[in-house]
Amino acid sequence: PYRKIISSMPSWKEIKSRIKSVSNTRKITKAMELIYTVKMKKAQESVMRQRPFALVALEILASAIHSKDVFAVYSHTPESETELIVMIASQKWLCGSYNVSAYKKTVEYIEYDDDTPYTRAYEYVTVGKHARDFVLRTGQKLVADFSDEIGDTLSSHDVRKVTRVLIEEWKTGKYAKITVIYNNYISAIAYEAVARTFLPLVPEEIVAYLEAIKHTSKHLTEPHEHTIEPDIQTLIDITLPMILEVQFHEILSEARASEYSARMIAMKNASDSAHKKVDSLTLVYNKTRQAVITKEVSEIVSGVESMKE
């Protein structure tokens, strides 16, 4: 019977080698988990750095909110049957269901878009290799791709490149709406795919957005009186694109924080699975080793018994 047990098991040396291999993998995934935890926190902090500008912009917009004409370029909805979707996904793998969440939200948004009674045509701007691949794989029209231009660390220059393209496309009057689909950060272990209207903008919503930032800021300042030169229209034309940049920077930061959260969770699950695998292999190793020892003892006893006979 011992021969049968031993023949059905790998050798103890093979098992020991596998234990070492899985243990090394666990060390790597644990290190990656810690790395993405730090990156996730940095992505959260990048949102906080936009608040000083938001507070000043709020003061400026407060004086122009009742003048609807100054917002006409960005608040007027063109008569078009085409919508531009900005889809944000990851550049690399190993992020669990992060990309799948964005895919599902895009399909769901298109299928249940009730903003208009007619069927819209959709075109895409993508950020992230997997967003680009999804659009091309499904045969959709890709207007622009920024997958290789936006690095791992977000910069104002990178965000400005995307925002300017969106604003230029909007001013052509080709699109009735620009929507951003991305994963919104909720907590270190949770995120949710959302579809957020980027343009046309509603002045009241812009002010509400800036007010929300103001209420969560720890460094509140007293409002100041501003002398506007040469006129409010010129100032709004300069300020609004900057506010849109801040909004898009926040969207990208939320998406990055969600991505790093997904990677952190994926690496933690991989580390836990590796730990369980090591425990399982150690149990098999001990059983195999015990079977070998039992066989050797049995052979010694048999030899002693045969010598007595």
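Within any chain, residue numbers begin from 1 and follow the written order of that chain's sequence. Where local features are concerned, this predicted model is filtered to residues with pLDDT of at least 70; where side-chain atom pairs are given and counted, the filter is 80 or more; whole-chain, interface and lining totals use all residues. Note that water and hydrogens are dropped before the side-chain values are worked out from all heavy atoms of the structure.

Enquirer: What should I look at first to understand the pattern of salt bridges in this one?
Expert: Working definition: two side chains of opposite charge can pair if their charged atoms are close together. Definition used for salt bridges: Asp or Glu carboxyl oxygen within 4 Å of a side-chain nitrogen of Lys or Arg. Enumeration according to the criterion identifies 16 salt bridges in this entry. The partner of Asp148 in a salt bridge is Arg132, and the shortest N-O contact between them spans 3.7 Å. Residue Asp148 is found in the loop between β3 (141-145) and α7 (156-171), and its partner Arg132 is found in helix α6 (residues 129-137); the two are separated by 16 residues along the sequence. Partly exposed residues are those whose accessible area sits between 20% and 50% of the maximum for their type, while under 20% is buried and over 50% is exposed, using a 1.4 Å probe and protein chains only. The buried category is assigned to Arg132, whose relative accessible area is 18%. Of the charged contacts, one joins Asp158 and Lys161 as a salt bridge, the two residues approaching to 3.9 Å between their closest N and O atoms. Taken as a pair, Asp158 and Lys161 lie in helix α7 at a separation of three residues, close to a single helical turn. Judged by its relative accessible area of 26%, Lys161 is partly exposed. When salt bridges with common partners are traced through the structure, they connect Lys129, Arg132, Asp133, Asp145 and Asp148 into a single cluster. Put simply, DSSP H or I for four residues or longer makes a helix, DSSP E for two residues or longer makes a strand, and each gets a number counted from the N terminus.

Enquirer: Whenever I open this one, a nonpolar patch on the surface confuses me. Can you help?
Expert: On the surface, Ile293, Val297 and Val301 cluster together into a nonpolar patch covering about 220 Å² of accessible area. Within the secondary structure, Ile293 sits in helix α9 (residues 232-308). The exposure class of Ile293 is partly exposed, given its relative accessible area of 33%. Here a patch means residues that are over 30% exposed by relative accessible area and free of salt bridges, tied together within 9 Å if like-charged and within 5 Å if nonpolar (Val, Leu, Ile, Met, Phe, Trp, Tyr). To be clear on the numbers: accessible area is Shrake-Rupley with a 1.4 Å probe, and residue cover counts the displayed protein chains and nothing else.

Enquirer: Is there a simple way to think about the pairing of strand β1 (residues 82-88) in this case?
Expert: Consecutive residues of a regular strand have side chains that alternate between opposite faces of the sheet. Along β1, seven of the seven residues are buried, which leaves the element largely enclosed by surrounding structure. Where burial is concerned, the two faces of β1 agree: the one with Thr82, Leu84, Val86 and Ile88 and the one with Glu83, Ile85 and Met87 are both buried. Two strands qualify as a pair provided that DSSP identifies no fewer than 2 bridges between them. Alignment of β1 against strand β2 (residues 121-127), held across seven bridges, turns out to be parallel. Among the inter-strand pairings, Met87 is bridged to a residue of β2, identified as Thr126. Where β1 and strand β4 (residues 177-187) come together, five bridges link them in parallel fashion.

Enquirer: Mind showing me how you'd approach the packing of aromatic side chains here?
Expert: How two aromatic rings sit relative to each other is set out by the distance from centre to centre and by the angle between their planes. Paired rings are identified among Phe, Tyr and Trp, the last through its six-membered ring, by centres lying within 6.5 Å, and are further divided according to the angle between planes into stacked (under 30 degrees), edge-to-face (over 60) and tilted (the rest). Counting across every chain of the model gives four aromatic pairs. Judged by centre distance (4.7 Å) and plane angle (5°), the ring pair of Tyr103 and Phe134 falls under stacked. Of this pair, Tyr103 sits in helix α5 (residues 98-111) while Phe134 sits in helix α6, and the two are 31 residues apart along the sequence. The buried category is assigned to Tyr103, whose relative accessible area is 16%. We classify Phe134 as buried; its relative accessible area is 11%.

Enquirer: Help me understand the sheet that holds β1 in this model?
Expert: For sheets, the rule is that strands pair by backbone hydrogen bonds, running either parallel or antiparallel. Taken in spatial order, the five strands line up as β3-β2-β1-β4-β5 in an open sheet, and their pairing is mixed. Each edge of the open sheet is held by one strand with a lone partner, namely β3 and β5 (190-199). Ignoring strand direction, the axes of neighbouring strands in this sheet form an average angle of 25°. Sheet analysis places β4 next to β5, joined by nine bridges and oriented antiparallel. Bridge assignment links Asn183 to a residue of β5, and that residue is Ala193. Strands β1, β2, β4 and β5 of the sheet are contacted by α5, whose axis makes an angle of about 140° with β4. Strands β1, β2, β3, β4 and β5 of the sheet are contacted by α7, whose axis makes an angle of about 45° with β5. Note on definitions: angles span 0 to 180 degrees between N-to-C directions of axes, and those axes are lines fitted to C-alpha atoms, for helices only across the stretch in contact. Throughout, a residue-residue contact means that at least one pair of heavy atoms, one from each residue, lies within 4.5 Å.

Enquirer: Where do I start with α6 in this structure?
Expert: Each full turn of the α-helix corresponds to 3.6 residues, which orients residues three or four apart in the same direction. Among the residues of α6, those classed as buried are His130, Ala131, Arg132, Phe134 and Val135. Turning to α6, the residues buried within the fold contact β1, α5, β2 and β3. With its phi angle positive at about 75°, Gly139 sits one or two positions after the end of α6.

Enquirer: In this structure, what is going on with the nonpolar core? I would like to understand it.
Expert: Buried together is how nonpolar side chains tend to be arranged in soluble globular proteins. Counting residues in hydrophobic clusters, the biggest one holds 37 residues, and the most contacted among them are Leu166 and Phe248. Those elements that provide at least two residues to this core are β1, β2, α7, β4, β5 and α9. Of the residues forming this core, the biggest block, nine residues, is contributed by α9. When near neighbours in sequence (up to four residues on either side) are disregarded, Phe248 contacts Val86, Val159, Val162, Thr163, Leu166, Val180 and Phe198. Nonpolar cores were defined as sets of buried Ala, Val, Leu, Ile, Met, Phe, Trp, Tyr and Cys residues, with membership established by side-chain atoms within 4.5 Å.

Enquirer: Where do I start with the side chain of His130 in this structure?
Expert: Looking at the element boundaries, His130 is found in helix α6. Once you skip the residues sitting within four places of it in the chain, His130 turns out to touch Ala89, Ser90, Gln91, Lys92, Trp93, Asn99 and Tyr103.

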